[in-house]
Structures are given as structure tokens and as C-alpha cells.
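One-letter residues, chain by chain:
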Amino acid sequence: MMFGQGGSAKVFVATRPVDFRKGIDGLALAVQEMFGLDPFCGAVFVFRSKRADRIKLLIWDQTGMVLVHKRLECGKFVWPQAQDGVMRISSAQMAALFEGLDWRLVRPERARRPLVAG
């Protein structure tokens, strides 16, 4: 699943749980208060439930605000330790998190130097 434009959007994760009764307006306010960011900036904002089995994504797609809610039927999402409350992850890590995989295992491939014929 691709989020944002071209699948390379900035992704911000709230490491502490939020009240999952909140809808678009409540989460947009949480983006301003917790992240200190504009919810209409085009980034993907990720929120978790207390039980860590549910995830909500808030995304502005240039035409409207999108709220995605997913519940895992078995298991829990892997979440970062709650430190300052907010962290940034890559789009690839976000895709792994959304699938219920351990996003911490997603690492960028190291650039290889081209072989020089000589």
C-alpha cells in the first residue's frame, strides 16, 4: 500500500497511544499538539491504540483528509519505545509496520561502488 504522493511521503509516528475514539478532526488536532506540524502538509501521521493491535493513519491527499484504520486479527503491531512521543520512519518501514511486520528490520540497501575496469 502506498501512502502520500509517489509513496515517498514523510512518515511521523506517535510512539505513545492515543484515544482511538478520535476521528479526523481529533487526530488533526493531535498532529498539531504532539508533532508540532500542520496536518495538511502531506505527511503520513501514524497513531497506535493502547493494546497495540490497531493503527490509524492520517493523510492529506491534496483533495481531502484520509483516515485509515486497521486492526490486526492476530498479534500486535511492533511499536518503538515511547520516548519523546514522536519519531520519523521511512516509507518502506511504514509499509512493513502497516502489514504487521517488524519495521525495524527494514534497512536501506548500501550503495555499492561500481567496479572500475583497469
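Residues numbered from 1 in each chain as written. Predicted model: local features only at pLDDT ≥ 70, side-chain atom pairs only at ≥ 80, totals over all residues. Heavy atoms only, no water.

By the naming in an unreviewed UniProt entry, the protein chain goes by Transposase, IS66 Orf2 like protein and is assigned to Polymorphum gilvum.

Turning our attention to the pairing of strand β2 (residues 44–48). For β2, the tally of buried residues reaches five of five residues, placing the bulk of the element in the interior. Of the two faces of β2, both are covered, the one formed by V44, V46 and R48 as well as the one formed by F45 and F47. Bridging between strand β1 (residues 11–14) and β2 involves three bridges; their strand directions are parallel. For V11, the partnering residue across the bridge sits in β2 and is V44. With respect to chirality, the unit in which β1 leads through helix α1 (residues 24–35) into the neighbouring parallel β2 is right-handed. Where β2 lies against strand β3 (residues 54–60), five bridges are found, and the strand directions are antiparallel. In the strand pairing of β3, F45 is matched with L58. (Buried < 20%, exposed > 50% of the residue type's maximum accessible area, 1.4 Å probe, protein only. Helix = DSSP H or I, 4+ residues; strand = E, 2+ residues; numbered from the N terminus. Pairing = 2+ DSSP bridges. Right-handed = clockwise from strand over helix to strand, strands pointing away.)

A word on the side chain of R48. With respect to the element layout, R48 can be found in strand β2. One buried charge, R48, has no salt-bridge partner; the nearest side chain with opposite charge is D53, at 8.1 Å. From its side chain, R48 meets the backbone oxygen of K50 in a polar contact 3.4 Å long. If we ignore the near neighbours within four places in the chain, the residues touching R48 are A14, T15, R16, P17, V18, F20, R54 and W79. (Lys, Arg positive; Asp, Glu negative; His and termini not counted. Salt bridge = Lys/Arg side-chain N within 4 Å of Asp/Glu carboxyl O. Polar contact = N/O pair within 3.5 Å; in protein donor to acceptor, adjacent residues only side chain to side chain. Contact = heavy atoms within 4.5 Å.)

Counting residues in each nonpolar core, the largest one holds 19 residues, and the members touching the most others are V46, I55, L57, W79, M94 and L97. No other element matches the four residues that helix α2 (residues 91–98) contributes to this core. With residues near it in sequence (within four places) discarded, W79 still touches V13, A14, V46, F47, R48, A52, R54, I55, L97 and W103. (Core = buried A, V, L, I, M, F, W, Y, C linked by side-chain atoms within 4.5 Å.)

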